[in-house]
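Observations on chain architecture
Each chain, written out:
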Amino acid sequence: MNAIVSIAKTTVGEAIRRRVLLVILLIGVLFLVVAPGLSVLTARQSYTVLTSFTLGVIQLTSAVIAIVLTVYLIPNEIERRTIYTILSKPVQRWQFLVGKFLGAVAALALMMTLMTVTMGLVFMIMRQGSGMEALGGLFRVPLMFFVQMSLLAAVAVFFSTFVSPIVNFFLSGGVYLVGTFFNPLFDTFSKNENLPAIVKGSATIIHMIVPNFANFNVQNQVINPGAVITNEATYYLQLVAYAVFYVLVFLIGGILVFDRREV
Amino acid sequence: MQVNRPKMVAGMVACLAAAAVLHGTMIFPFWRKNYAVKQVAGEQASGLSADQLLFALAGFRELVAGILWVRADSFFDEGNYDAILPIIRLVTWLDPHEIDVYATGMWHIGYNFTDEESRSDRRYIPSALALGKEGSAANPNTYELFFETGWMWYHKVDDDYDQAVKWWEQAAKRDDIQPARRNILASAYLRDGQPEKALGLYYDLLSRAESAFKKSDEFQNRQNRDTVESNMDNLLVRMSQRGYFAQKAGHFDQGDYDTKPPFDVGFSARVTVEEAAVLKIEGTWNVLPVGTRVRIVLRDKDMKGAKYAEMDWDASNAVNLDPDKEVTFMQDQLFVKNQQFTKRIDMSRDRTMYPFRSNDYVVEFYYNPRSAPAHIQDKFGFSGEGMTDQNFLNEEARPGQRVVYTKLEFTKDELLRKGRYAVGKEIPDKQTVNFKPLGAASKSDVIQVPGLRAEGPRTGPPTGAPAQKPKRLPIPGGGAMGRGPVAPGVQMNPK
Amino acid sequence: MSLAIETRNLFKTYKSRGGQSINVVHDLNLQVERGEIFGFLGPNGAGKTTTIKILLGIIYQTTGEAFVLDKEAGDIEAHRKLSYLPEKPYYYEHMTGLEIMEFYASLFGIKDRALCERLLERVNLANDKNRAISQYSKGMQQRVGLAQSLLNEPELIFLDEPTGGLDPIAHIEVRDLILQFREEGKTVFISSHELSDVERICDRVAIINKGEVVQQGSLDQLLAGGRLEVTASGVDQGFADALKKDDYVVSFSGDRLILDMPDDGDVNSVLEGVLAKKGTVVSVVPRRKRLEDLFLESVASDNVAKGRRLFKMTDKDAPQAEEKA
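The rules behind the values
Residues numbered from 1 in each chain as written. Chains lettered and ligands numbered in written order. Predicted model: local features only at pLDDT ≥ 70, side-chain atom pairs only at ≥ 80, totals over all residues. Heavy atoms only, no water. Helix = DSSP H or I, 4+ residues; strand = E, 2+ residues; numbered from the N terminus. Buried < 20%, exposed > 50% of the residue type's maximum accessible area, 1.4 Å probe, protein only. Contact = heavy atoms within 4.5 Å. Areas by Shrake-Rupley, 256 points an atom, 1.4 Å probe, with all protein chains shown as cover. Salt bridge = Lys/Arg side-chain N within 4 Å of Asp/Glu carboxyl O. Pairing = 2+ DSSP bridges. Axes fitted to C-alpha atoms, helices over the stretch in contact; angles between N-to-C directions. Phe/Tyr/Trp six-rings, centres within 6.5 Å; stacked < 30°, edge-to-face > 60°. Lys NZ or Arg CZ within 6 Å of the ring centre and 35° of its normal. Buried area = accessible area lost by both parts, 1.4 Å probe. 1 Å grid on protein atoms, 1.4 Å probe; cavity = no way out; pocket = protein on both sides within 12 Å on 5 of 7 lines; lining within 4 Å. Points joined across faces, edges and corners; volume = space filled by probe spheres on them. Nonpolar A, V, L, I, M, F, W, Y, C, P; charged D, E, K, R; others polar. Core = buried A, V, L, I, M, F, W, Y, C linked by side-chain atoms within 4.5 Å. Domains from an automatic or database assignment. Patch = residues over 30% accessible without salt bridge, like charges linked within 9 Å, V, L, I, M, F, W, Y side chains within 5 Å. Expected span 1.5 Å × (residues − 1). Arc of directions from axis to C-beta. pLDDT = per-residue confidence, 0-100.

1. Details of the overall build of chain C
The helix and strand tally for chain C stands at 12 helices and 14 strands. In chain C, which comprises 325 residues, the proportion classed as buried is 51%. Long-range contacts, defined here as pairs at least 24 residues apart, represent 66% of the contacts in chain C between residues at least 6 apart. Carbon and sulfur atoms form 46% of the exposed surface of chain C, whose accessible area is close to 15400 Å².

2. Regarding the overall build of chain B
Scanning chain B from N- to C-terminus turns up 13 helices and 15 strands. The buried share of chain B, reckoned over its 495 residues, is 54%. Once local pairs closer than 6 in sequence are excluded, the contacts in chain B between residues at least 24 apart make up 70%. Carbon together with sulfur atoms contributes 51% to the accessible area of chain B, which is approximately 22000 Å² in total.

3. A short note on the pattern of salt bridges
Residues and elements named next belong to chain B. Applying the stated criterion across every chain, the model contains 50 salt bridges over all chains. The closest approach of N and O atoms between Asp-378 and Arg-238, which form a salt bridge, is 3.0 Å. One end of the pair, Asp-378, is in helix 12 (residues 374–380); the other, Arg-238, is in helix 10 (residues 219–241), and 140 residues separate them in sequence. No difference in accessibility class separates Asp-378 from Arg-238, as the two residues are buried. Members of the salt-bridge network, linked through shared partners, are Asp-115, Glu-117, Arg-119, Asp-332, Lys-343, Asp-346 and Arg-349.

4. As for the sheet that holds strand 7 (residues 156–160) of chain C
All names here are of chain C. Read across the sheet, six strands follow the order 6-7-8-3-9-10 without closing on themselves; strand pairing throughout is mixed. The open sheet terminates on both sides in strands that have one partner only, identified here as strand 6 (82–85) and strand 10 (212–218). Within this sheet the neighbouring strands show an average axis-to-axis angle of 15°, counted without direction. Sheet analysis places strand 7 next to strand 8 (residues 187–192), joined by five bridges and oriented parallel. Following the sheet pairing, Phe-158 is matched in strand 8 by Phe-189.

5. Concerning the packing of aromatic side chains
Enumeration according to the criterion identifies 39 aromatic pairs over all chains in this entry. Measuring from ring centre to ring centre gives 5.2 Å for Phe-103 of chain C and Tyr-104 of chain C, while their planes differ by 50°; the resulting arrangement is tilted. Per residue, the accessibility class of Phe-103 of chain C equals that of Tyr-104 of chain C, and both read buried. Connected via pairs of aromatic rings, a cluster forms that spans Phe-263, Phe-267, Trp-285, Phe-341, Phe-365, Tyr-367, Phe-380 and Phe-392 of chain B. Note that Arg-93 of chain A overlies the ring of Phe-258 of chain A, its terminal NZ or CZ placed 5.6 Å from the centroid. Directly above the aromatic system of Tyr-111 of chain B lies the positively charged group of Lys-156 of chain B, at a separation of 4.5 Å from the ring centroid.

6. Overview of the interface of chain A and chain C
At the junction of the two partners, chain A supplies 28 residues and chain C supplies 28 residues. Approximately 2600 Å² of surface area, both sides summed, lies buried where chain A meets chain C, with 61% of it carried by carbon and sulfur atoms. Broken down residue by residue, the surface that chain A buries against chain C is led by Lys-89, Pro-90 and Glu-262 of chain A, which jointly contribute 25%. Taken together, chain A and chain C are joined by one salt bridge.

7. Observations regarding unusual backbone geometry
A cis geometry characterises the amide bond from Lys-260 of chain B onward to Pro-261 of chain B, with omega recorded as -15°. Within the secondary structure layout, Pro-261 of chain B lies in the loop between helix 11 (244–249) and strand 1 (263–264). The phi dihedral of Arg-81 of chain A is positive, around 65°, even though this residue is not glycine. Topologically, Arg-81 of chain A is positioned in the loop between helix 4 (73–79) and helix 5 (82–87). In this structure, Gln-339 of chain B is a non-glycine residue whose phi angle is positive, near 65°. Relative to the assigned elements, Gln-339 of chain B resides in the loop between strand 7 (329–335) and strand 8 (340–346).

8. Considerations on helix 3 (residues 97–107) of chain C
Residue and element names in this part refer to chain C. Counting buried positions along helix 3 yields nine of 11 residues, so the element is predominantly enclosed. Those residues of helix 3 that fall on the buried side of the exposure criterion are Gly-97, Leu-98, Ile-100, Met-101, Phe-103, Tyr-104, Ala-105, Ser-106 and Leu-107. Among the residues trailing helix 3, Gly-109 stands out with phi positive, at a value near 80°.

9. Looking at the pairing of strand 12 (residues 249–253) of chain C
All names here are of chain C. In the sheet, strand 12 pairs with strand 13 (residues 256–262) via five bridges, with the strands oriented antiparallel. When the sheet's bridge partners are listed, Ser-251 is paired in strand 13 with Ile-258. Connecting the antiparallel pair strand 12 and strand 13 is a turn made up of two residues, with Gly-254 showing a positive phi of about 65°.

10. Here we look at the sheet that holds strand 2 (residues 21–33) of chain C
Strand pairing in a sheet relies on backbone hydrogen bonds, with the paired strands running either antiparallel or parallel. Residues and elements named next belong to chain C. Pairing is antiparallel across the open sheet formed by four strands, whose spatial order is 2-1-4-5. With partners counted over all chains shown, the strands left at the sheet margins are strand 2 and strand 5 (71–72), one partner each. With five bridges joining them, strand 1 (residues 3–15) and strand 4 (residues 63–68) adopt antiparallel strand pairing. The residue bridging Phe-11 from the neighbouring strand is Thr-63, located in strand 4.

11. Examining empty space enclosed by the protein
Empty pockets left among the atoms are what a rolling probe the size of a water molecule brings to light. Residue and element names in this part refer to chain C. This model, assessed by the stated rule, comprises two cavities of 30 Å³ or more. By volume, the second largest cavity is sized at about 50 Å³. For the second largest cavity, the full set of lining residues is Pro-162, Thr-163, Arg-175, Ile-178, Ile-190, Ser-192, Asp-197, Val-198 and Ile-201. Those elements giving two or more residues to the lining of the second largest cavity turn out to be helix 6 (168–183), strand 8 and helix 7 (195–201). Here the lining of the second largest cavity takes three residues from helix 7, the largest share from any one element. Taken together, the residues of the lining of the second largest cavity break down into five nonpolar, two polar and two charged.

12. As for the nonpolar core
One finds Phe-158 and Phe-189 of chain C to be the most contacted residues of the largest nonpolar core, which totals 169 residues. Ranked by the residues each element gives to this core, the list is headed by helix 8 (residues 140–160) of chain A, at 14 residues. Both domains that meet at this core, namely domain 1 (3–222) and domain 3 (291–324) of chain C, each give it at least three residues. Discounting chain neighbours no more than four positions away, the residues touching Phe-189 of chain C are Ile-5, Leu-30, Val-32, Phe-38, Phe-40, Ile-52, Leu-55, Leu-156, Ile-157, Phe-158 and Leu-159 of chain C.

13. Notes on the layout of surface pockets
Residues and elements named next belong to chain B. Each pocket or cavity is described by its volume, and for the largest pocket that value is around 900 Å³. Lining the largest pocket are 40 residues, with Asn-183, Ser-187, Tyr-202, Thr-227 and Asn-231 sitting closest to its centre. For the lining of the largest pocket, the secondary-structure elements that each account for two or more residues are helix 8 (179–191), helix 9 (195–215), helix 10 and helix 12. For the lining of the largest pocket, the class distribution of residues is 19 nonpolar, 13 polar and eight charged.

14. Some words on a nonpolar patch on the surface
A grouping of Val-23, Ile-27, Phe-31, Val-33 and Val-34 of chain A is seen on the molecular surface, where their side chains present a nonpolar patch of about 430 Å² in accessible area. By relative accessible area, Phe-31 of chain A is classed as partly exposed at 41%.

15. Comments concerning the environment of Glu-14 of chain A
On the secondary structure map, Glu-14 of chain A appears in helix 1 (residues 2–15). It is 10.0 Å that separates the C-alpha atoms of Glu-14 of chain A and Leu-69 of chain A, two residues lying 55 residues apart in sequence. Once residues within four sequence positions are removed from consideration, Glu-14 of chain A is found in contact with Arg-80 of chain A together with Tyr-92 and His-94 of chain C.

16. Some words on helix 9 of chain B
The periodicity of an α-helix, 3.6 residues per turn, causes residues three or four places apart in sequence to face the same way. All names here are of chain B. A rise of 1.5 Å per residue sets the reference length of helix 9, with its 21 residues, at 30 Å; its end C-alpha atoms lie 30 Å apart and thus fit the reference within 8%. For helix 9, the complete set of buried residues consists of Pro-195, Ala-198, Leu-199, Leu-201, Tyr-202, Leu-205, Leu-206, Ala-209 and Phe-213. Summarising the axial view, the buried residues of helix 9 lie within an arc of 155°, below the 170-degree limit, and thus occupy one face. More than 90 degrees from the buried face of helix 9, the exposed residues found are Lys-214 and Lys-215.

17. Description of the confidence of the model for chain B
Residue and element names in this part refer to chain B. For chain B, the mean per-residue pLDDT works out to 81, and 81% of the residues sit at or above 70. Confidence drops under a pLDDT of 50 for residues 38–47, and excluding neighbours within four residues, the segment shows 15 contacts in the predicted structure. Ignoring residues within four places in sequence, the model shows residues 444–448, a span with pLDDT below 50, making 25 contacts including any to other chains.

Okay, here's the thing in structure tokens:
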């Protein structure tokens, strides 16, 4: 356990010094700060657009950070040969991998917190204190984004045990897009009554296996306060459980590959 | 090697199964119910560029929707209507809460596709209504799209008023509806032949308006209260004069009511195919003043979902931006002037709207007094009980209503002037049994249809009077009846 | 006492792009005794680092067995008692010397800042412990590496080119440190090119080439077969001629006779002969074989045969090597 925590800590220390990540983060924060200027687009729905845009910036930036951060985790260690000194210590490979993953998630949490706080400040200034109670609801969206990004990081960690960072970047990005697409796609698909049962059946199976990132996009209701959703808290708990299951799947898969891997 | 691989694989599979079960049984149904975009991209997504699509999926849905809508606006300015359709579809997909886009989209789809002579392409109306259904389902907490959908039934379809009633009743249930917009539901009740419901609504509206006025005596509240009151007064008088109360009470035969005896409109018509896809319509209608509109429909004889002089407007629940272009369906109005109508309908220049693929066609004529202005209805009654036609009175077309309906049949060759009907040969020409060359109809026999009067209904029409210009009654003023619009006198010419 | 390291018929085979199999390690059999300093020698690409990686469980052998401290290679329990200093080590550059020590300590479950500081002191980095690794010179980084390799009081230390790229003073310091390990009873496994170091430090060596052990044994054994130079005065030419046989080389320098003979020859009878002739024995000097010679004998032959002369050889050595081949 000690080893995992130590590895996670150094991973955070490294991540928050990675220039690429800081640049991406800076761009994200800049977008958040200029977001209020975009409300000219649609006067009537300025609040909607501002909220949607702000949350979108956080989500997109976080996704890019999650992927860029994670795809280099293992390859960098191998390239710099730091992994040799670590693996020659009484550290199991799975501990190394889990430590790296947890470090990435912690770094992600730090960066996402920064963006969320920026968003909070922007909204506070925009609304000048009024309607702040509605703002409370806003923060659960980045929270679910964080769960989503942790899952994405697990996907990237898994791939990083056997593909190069560039390939991994597109692979993980692809999984993220497909995972975001698949829910709505399957939604239409399942409503189409003309499809043969076998096609439908296999779609159902794929749908159950692919990590469905769209599940975590709970911003609709915050952006459109009209929607009434009951039992939201339960849903969030289910989401966390869902993410944990998938993280386990990808980490175990990663460990199985990494354990056999020659570094 | 330190890890127990079989156990780990088993653990992995177990986690995957757990995730799948959790997703399948709880998360996805919840997601579908609460977070899914109700209509999904499918082929429409092709209208988005890759980066837009990426942005849209990356969580910028509402932003992309906004940008697209700004672009759509410029297409409106250019009159590039076809370009707007996919944008409307996309915007409402991306952000199903863009009420303005639904409303504008409905109007655009329903009204803006026209031929060279400004006739709407009615094949689009089911899609416009479907957009209204979708929009109202996506935004159930605001009255707007219920109101807009009701308006499309009331104004554009201008028939089947039970639908307008249905939608406006829904709109009126929403708290955010503007008070003045509730009033219009009463008009829908009247056109749907339910004056008692209209009256009940007026009572309700009046008490609302009065309490609003008590709370604040600003001009708007006063005006609204006065309008409701005036409408209510008018309706009460109309119900009385049209014999509605008498019918209910069972002594209609004994009294003297405006709707007695039924007035024969004396419809006749003739259709000549002057050139390929160019019709000349002429005919008679015995109501003197300008303003009567007789509906004419030309359609495929075997058209799917066709009803009497209309199509099944409510047929679609999915917005289809590309309705069946094989179908020919033309609908227009014949304006009556001096008891006659003549109209040239040119369908030759818009072959996409009028493809003439079928071999057999019908030309339908239809008049529903419920669509008539209130002063005409004062004679014809709420459901046509004061109207008749010796040849073409029809009580099947719209159950519970008396309408005028007839049809003439044509072949493709006739309409397109081919074969033995080629130009220079035989001219296709069909008419109703009672058609006589125009000009023969006398303008002399004029009846007076009363306007609203404080002193009650006037007795029978003057008959046998010499030819004279239609006379207008002086508009009675004063009293509670004096407020609000008063129908002008109407003159009718009995057969 | 059991062996610290043992490999049996170890093979590591890679498939090349063309589909050919290349044996990077070929039927390797190593025996390293506990408490000895073992030199692991071989030219670049001979499979030294590959073997170390197998022994550490960083990569896996294709066939054969490898045991480290009585456990299978890569065993975590064994890792508690060994340490490894890779060739050209890299560390997380944002950390200070002390932080990196604490990080590695934590991997052993050790929380002991004083120990970390003591070890840094031992490698003369006490003054630089709070500077970031990125500001360290190469030698300083190597010394941090050594310090971290002592954190767990290892029984077995793997050193991959421990003196590579160090300045002379650092070089001597590192060498002395390794000698201290022997006194502490640690087993040290050194992979190196620095033959002079190895010759000075190691008890036993293995020389590998192309993945195969070509020589293995104690330095005394391996370097046996040296010569003796006997210098005597007061003997005549006749005596000298009598000595001439096999590879006994006799020459005169002034009136001094110089006899160059194998060290396993009968030196006593030679000395007795000199004394019997009333001559004087000036000196008897053993001329031990150098490790460099052995190394070249072991590996050069093959390379020369292929026309590749990877190692600089003196004119004197070259024909010797070729003769032996």
